[in-house]
Amino acid sequence: MADRVTVIGWDGSPVSGPARAALGAATLVAGAAHHLALPEVPPTAEQVRLGSLPLAARRIAQHRGSAVVLADGDPGFFGVVRTLRAPEHGLEVEVVPAVSSVAAAFARAGMPWDDARVVVAHSRTLRRAVNVCRAHTKVAVLTAPGAGPTELALLLEGVHRTFVICEALGTAQERTTVLTSDRVADHRWRDPNVVIVVGGPGSGTPAGEGSAGGWLAGRSPAEAEGPRGWALPAAEYGTRPADDTEGESTTLRAAQLARLGPRVGDLVWDIGCGSGAAAAEAARFGAAVIAVDRTADACARATAAARQFGVQLHVVHGGAPQVLEDLPEPDVVRIGGGGLRTVAACADRRPERIVTHAATRDEAEEIGRVLSAGGYAVECALLQSVDLDPEQWTERERAVVFLLSGSRM
């Protein structure tokens, strides 16, 4: 039974001495077709085409002899090493790395990538990968058949980005192409490929390039050094005291964000976005956000909030529920306005969670009934906040509102 396996990364460059030695002693070699065709693979070794990694790992663990696995790029970066190290296989793993395909792609593009998000797109994660491209100004996408450049571009419809598409890296067929996202679907692309997606409103030079740089991988300097805290005071978003209704109160916004739980890979709808405060703060959690409002003034304020806090918002001017019909599927929804018809329309789209508020108990009961009828478990809390003057310790303002959240059953 094999208790040790050597994993060799391949980036198209000549096979290194340690890799050549491991292949020379191998009695089993696993890899893709182009790996098994390498001249260094012993003709006498058993050959295993990599398809299902867990199945291949079990076969390697049962093999009597010296096993080698060939993989593209750095096999420890979204690669086979994680599967092979699973405790149930009992394998000791030695890695001979190569340049990762992501590093190679950014090198071909002549771009730094310490501030880039890196995602894997396949049939189960394609939508979430697209949401990361919506939310961030520099993303590398490791693609798969059926989840490649064309599918990314089609799902990003209405969101302008630039694609750097690196095909067949390290092979004689290698090609790098730069296109705007609206032209990507007009071409056919060779697998495997890596797609770098860059751009977005206010990005200027993508993701802080040309600055001194950040200190945290996967974050631009603006993301890593943003304002401290959440549910920032309304004044931070240009909201005047007269505008600070129960729907814009800081306390309500904090509670709504807690119920929504926006995260990287999510798409948030913020309907009736008002000042854009909730939308901008959801985006600061790393989620993609579509902010909707029927007034041009609110849309302009949401755009300004996004620019101020260095986040990406897709702002849509239109009235709900009609404008929602053409929007991509949300993961969570905040409803700041639009009435019962909007609540029902959102429930029909089956997001994981819907959060809204009501000024009266009667209104809260009506919303609760609509959410329940739509297949949601409803929670309701009465929030009361009192703003005090810390010098006189007298009451300056009191706000009372019903917070409703529906969780998909």
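Residues numbered from 1 in each chain as written. Predicted model: local features only at pLDDT ≥ 70, side-chain atom pairs only at ≥ 80, totals over all residues. Heavy atoms only, no water.

(A) Representation of the side chain of His136. Locating His136 in the fold gives a position in the loop between helix 6 (126-135) and strand 7 (138-142). In this structure the side chain of His136 is engaged in a polar contact, spanning 3.3 Å, whose partner is the backbone oxygen of Gly286. (Helix = DSSP H or I, 4+ residues; strand = E, 2+ residues; numbered from the N terminus. Polar contact = N/O pair within 3.5 Å; in protein donor to acceptor, adjacent residues only side chain to side chain.)

(B) A look at the pairing of strand 6 (residues 117-120). Residues Arg117 and Val119 of strand 6 are buried on one face, while the alternating residues Val118 and Val120, pointing to the opposite face, are not. With respect to chirality, the unit in which strand 6 leads through helix 6 into the neighbouring parallel strand 7 is right-handed. (Buried < 20%, exposed > 50% of the residue type's maximum accessible area, 1.4 Å probe, protein only. Right-handed = clockwise from strand over helix to strand, strands pointing away.)

(C) Representation of the sheet that holds strand 9 (residues 175-180) in the model. Pairing is mixed across the open sheet formed by five strands, whose spatial order is 6-7-10-8-9. Each edge of the sheet is formed by a strand with only one pairing partner; in this case those strands are strand 6 and strand 9. Direction aside, the axes of adjacent strands within the sheet are offset by 20° on average. Where strand 7 lies against strand 10 (residues 193-198), five bridges are found, and the strand directions are antiparallel. Bridging across to strand 10, Ala140 finds its partner in Ile196. (Pairing = 2+ DSSP bridges. Axes fitted to C-alpha atoms, helices over the stretch in contact; angles between N-to-C directions.)

(D) Here's a closer look at the environment of Gln256. Within the secondary structure, Gln256 is located in helix 9 (residues 250-260). Separated by 101 residues in sequence, Gln256 and His357 have C-alpha atoms that sit 8.8 Å apart. When residues no more than four places from it in sequence are discounted, the contact partners of Gln256 are Arg334, Val355, Thr356, His357 and Leu403. (Contact = heavy atoms within 4.5 Å.)

(E) Representation of the nonpolar core within the structure. The biggest cluster of nonpolar side chains holds 27 residues, and the ones touching the most others in it are Tyr237, Val289, Leu313, Leu383 and Leu403. Contributing elements (two or more residues each) for this core: helix 9, helix 10 (277-284), strand 12 (288-293), helix 11 (296-309) and strand 17 (394-408). For this core, the leading source of residues is helix 10, giving five residues. The residues touching Leu313, leaving out its near neighbours within four places in the chain, are Ala279, Ala280, Ala283, Val289, Ala302 and Ala306. Listed in part, the 23 residues of the second largest apolar core include Ala135, Trp269, Val343 and Ile367. (Core = buried A, V, L, I, M, F, W, Y, C linked by side-chain atoms within 4.5 Å.)

(F) Structural view of helix 11. With 14 residues, helix 11 should reach 20 Å at 1.5 Å per residue; the first-to-last C-alpha distance of 20 Å fits that figure. Listing the buried residues of helix 11 in full gives Ala298, Cys299, Ala302, Ala305, Ala306 and Phe309. An end-on view of helix 11 places all buried positions within 120° of arc, on one side of the element. Among the exposed residues of helix 11, those pointing more than 90 degrees away from its buried face are Asp297 and Arg307. The elements touched by buried residues of helix 11 are helix 10, strand 12 and strand 13 (313-317). (Expected span 1.5 Å × (residues − 1). Arc of directions from axis to C-beta.)

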